[in-house]
Amino acid sequence: MNQISNRNSLAFLVSTAFIIIIVITAFSSILGYERLNNFNNILTDITSNSLPQAAQAGELNSALKEILYLTERLTIANNLASRRITIEKLQKQEAHLITLIDKFEGAVHLNNQLKTVRMELAELDKLVLNRLHNSQKIHDLNDTIYNLNDQIVTNLNQQKTSKDIEKSLMLLIQSTTLRHKAESSDRLQTVRQIAKEVNNKLNNILLNSEVLEPQIGKVTIGQINTLKTLLFDDPGWYNLKIEQLQIAGRVRGRGNFLHNLIVDINTLSEAKFYDINKNIIEKAQNAANQVSQQVIWVIGLSITLLILMSATIYVIKVKIVARILNLNNSVIKRIQSQEAHINTSGKDEISHLAQSFVYFSEKVEEQKQQLQTLSLTDVLTNLPNRRALDERLEHDVHTAKRSQTSLSVIILDIDYFKLYNDFYGHIAGDECLQNVAGALKNIQQRDSDFIARYGGEEFVMLLPQTDKEGAIKVAKRVKELLDILNIPHQKSLVADHVTVSLGIATFSNKDISTVYKILNRADEALYKAKDSGRNTYVHTDDITNIDVNI
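Just so it is clear, the model here is predicted, and its values are computed rather than measured. (Residues numbered from 1 in each chain as written. Predicted model: local features only at pLDDT ≥ 70, side-chain atom pairs only at ≥ 80, totals over all residues. Heavy atoms only, no water.)

Student: Any details on the environment of Leu-482? Residues and values, ideally.
Tutor: Positionally, Leu-482 belongs in helix α12 (residues 468–485). For Leu-482, a relative accessible area of 4% translates into the label buried. Ignoring anything within four residues of it in the chain, the contact list for Leu-482 reads Val-436, His-497, Val-498, Thr-499 and Val-500. (Helix = DSSP H or I, 4+ residues; strand = E, 2+ residues; numbered from the N terminus. Buried < 20%, exposed > 50% of the residue type's maximum accessible area, 1.4 Å probe, protein only. Contact = heavy atoms within 4.5 Å.)

Student: Which residues make up the pairing of strand β3 (residues 458–464), and what are the values?
Tutor: Each regular strand shows side chains that alternate between the opposite faces of the sheet. Here β3 lies mainly inside the structure; seven of its seven residues are buried. Burial along β3 is two-sided: Glu-458, Val-460, Leu-462 and Pro-464 facing one way and Phe-459, Met-461 and Leu-463 facing the other are all buried. Here strand β1 (residues 407–414) pairs with β3 via seven bridges, running antiparallel. When the sheet's bridge partners are listed, Ile-410 is paired in β3 with Met-461. Both strand β2 (residues 450–455) and β3 contribute to a ladder of five bridges, which runs antiparallel. Bridge pairing links Phe-450 to Leu-462 in β3. Hairpin remark: β2 followed by β3, antiparallel, with two residues in the connecting loop; positive phi at Gly-456, about 65°. (Pairing = 2+ DSSP bridges.)

Student: Just give me the short version of the confidence of the model for the protein chain, but keep the residues and values in it.
Tutor: Looking at the protein chain as a whole, the pLDDT averages 79, with 78% of positions reaching at least 70. Between residues 1–5, whose pLDDT stays under 50, and residues either more than four places distant or in other chains, the model counts six contacts. (pLDDT = per-residue confidence, 0-100.)

Student: For the side chain of Thr-86, give the residues involved together with the corresponding values.
Tutor: Looking at the secondary structure, you find Thr-86 in helix α2 (residues 80–102). Within the structure, Thr-86 has its side chain in polar contact with the backbone oxygen of Ser-82 (distance 2.8 Å). When residues no more than four places from it in sequence are discounted, the contact partners of Thr-86 are Leu-70, Arg-73 and Leu-74. (Polar contact = N/O pair within 3.5 Å; in protein donor to acceptor, adjacent residues only side chain to side chain.)

Student: Talk me through helix α10 (residues 417–424); I want residue IDs and the actual numbers.
Tutor: Each α-helix winds once per 3.6 residues, and so residues spaced three or four apart point in a common direction. Every buried residue belonging to α10 is among Phe-417, Tyr-420 and Asn-421, and all of these are buried. Burial along α10 is one-sided: seen end-on, the buried residues are contained in an arc of 95°. Opposite the packed face of α10, turned more than 90 degrees from it, sit the exposed residues Lys-418 and Asp-422. Here the buried face of α10 lies against β1 and α11 (426–443). Trailing α10 by a residue or two, Gly-425 shows a phi angle of about 100°, which is positive. (Arc of directions from axis to C-beta.)

Student: Would you mind going over the nonpolar core in detail, with residue names and values included?
Tutor: Residues Leu-440, Phe-459, Met-461 and Val-478 are the most contacted members of the largest nonpolar core, which totals 30 residues. At the level of elements, β1, α10, α11, β3, α12 and β4 (500–507) are the ones that each hand at least two residues to this core. When sequence neighbours within four positions are dropped, the list of residues in contact with Met-461 reads Ser-408, Val-409, Ile-410, Leu-412, Leu-440, Ile-443, Phe-450, Ile-451, Val-474 and Val-478. Listed in part, the 28 residues of the second largest apolar core include Leu-148, Leu-156, Ile-224 and Leu-230. (Core = buried A, V, L, I, M, F, W, Y, C linked by side-chain atoms within 4.5 Å.)

Student: I'd like a rundown of the layout of surface pockets, residues and numbers included.
Tutor: A volume near 190 Å³ is recorded for the second largest pocket. Lining the second largest pocket are 13 residues, and of these Ile-443, Gln-445, Asp-449, Leu-463 and Val-474 lie nearest its centre. Counting residues per element, the ones that place at least two in the lining of the second largest pocket are β3 and α12. The class makeup of the residues in the lining of the second largest pocket is five nonpolar, four polar and four charged. (1 Å grid on protein atoms, 1.4 Å probe; cavity = no way out; pocket = protein on both sides within 12 Å on 5 of 7 lines; lining within 4 Å. Points joined across faces, edges and corners; volume = space filled by probe spheres on them. Nonpolar A, V, L, I, M, F, W, Y, C, P; charged D, E, K, R; others polar.)

Student: Describe the packing of aromatic side chains, with residues and values.
Tutor: This structure, assessed with the given rule, holds five aromatic pairs. Their ring planes at 10° and their centres at 5.4 Å tell us that Phe-232 and Tyr-238 sit as a pair that is stacked. What makes Phe-232 partly exposed here is its relative accessible area of 22%. Ring pairs connect the aromatic residues Phe-417, Tyr-420, Phe-423 and Tyr-424, which therefore count as one cluster. (Phe/Tyr/Trp six-rings, centres within 6.5 Å; stacked < 30°, edge-to-face > 60°.)

Student: Go over a nonpolar patch on the surface with me, naming the residues and quoting the values.
Tutor: Judged by side-chain polarity, Ile-296, Ile-299, Ile-303 and Ile-307 come together as a nonpolar surface patch covering roughly 410 Å² of accessible area. Relative to the assigned elements, Ile-307 resides in helix α7 (residues 237–335). (Patch = residues over 30% accessible without salt bridge, like charges linked within 9 Å, V, L, I, M, F, W, Y side chains within 5 Å. Areas by Shrake-Rupley, 256 points an atom, 1.4 Å probe, with all protein chains shown as cover. Salt bridge = Lys/Arg side-chain N within 4 Å of Asp/Glu carboxyl O.)

Encoded structure:
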């Protein structure tokens, strides 16, 4: 890239403008220093005395709000890990709060209230822990109850169909549905009523047990009794659910009490914070009254400085910012592969930058094209790879639908290639793949035909605008070329040279749905060809009535 000479430096122009602004600002600062000295003394008093107190009050207020938030999190904790993390954070906040209170006026009163909060938190933690353990018991019982329900349903289904059996099954399903309803309910009365209904339904199932076959009926009755024990005995599922709701109510009550207690402490802290802020405001107001008398003389100089800065900003915007924005937009469009004109005229830094970008963007685009080609080519066979196949198949499917033409796909697999590799070695195996790939390239007669390595010893041929008969002709041609190529294969079970099995699928524009369906159908035909002795081809139309051609 040619070097740029005789540049008109924007840096010099901008630097000169800012130096002038700095000089004027410094002059204004020196003049105002003496008049602001008194104001500085007032600020020193505020920062040394009033602000530290306000900061302590604000920090105390924040700590109380954090404890309030953590208390609410503890109340709704739904697992032991969440409860443990919340308790650890609460303990840290309590220790931090004790440190703050010791520095705060009225520490004795706040310490007494904090002790009450700590005791209430301990009680709340016990309730939450009890609720979580109870939830785990319910969860464990659920698994046992579900398994037992499945066993009972299985035993009932083994009986001869009758109205009594169907009634028992219906009652069992209804009892399970009611238990699910109870599980999601948060009302004690609802859970108790459901428990009563479920007990009645299970008793009715036991009354119907007389019609069961003796051997299976005895087992089923025992299982239903066990189910009743799991549901209603102490501790049974419904008793645990009722206890869980009672504990949840106590947790909410304790949490609300703690919430109100912390809010009261926070109110006292905010009142103190308000008094400190009021004192700061009064001092600041006095300082403002003194300074306001000294501000008028600064206005004229400030206006002058403002005009100069505005002119400088305008020049920067027009000469620099607008051009940089235009260059940036053009760069973004280029990055997004859109057409964009980049103005490279001029002799300043921005023009130099634009010329540099154009040069490097051309280099990047050239390298991008090279990488794109490499990423779509199989290194061994120099055929398109699986990624290129996916892109081409999407294109051919779209074209077939749009032009309402047929599309044929052939998947071919080298027969007993693993045995070939094991016997001749991997180097010979690679040469075999290259020879087969070369033969396939010779078959490609149209620019629209596409051949790719599908993976391992498999290859795929895409034949746009090709019907079933045309695809079969191509398959036959592949077999003929491999016979002519005559690559020795002593371990093949179908011939003394390398052969292939081919699966063919042909789609009209109405049949084409997804790329995966196309490949899957061709793969099914390939499987049939292998299953039929290999060294053959099979078309998907012939799969139901397998017409194998060798």
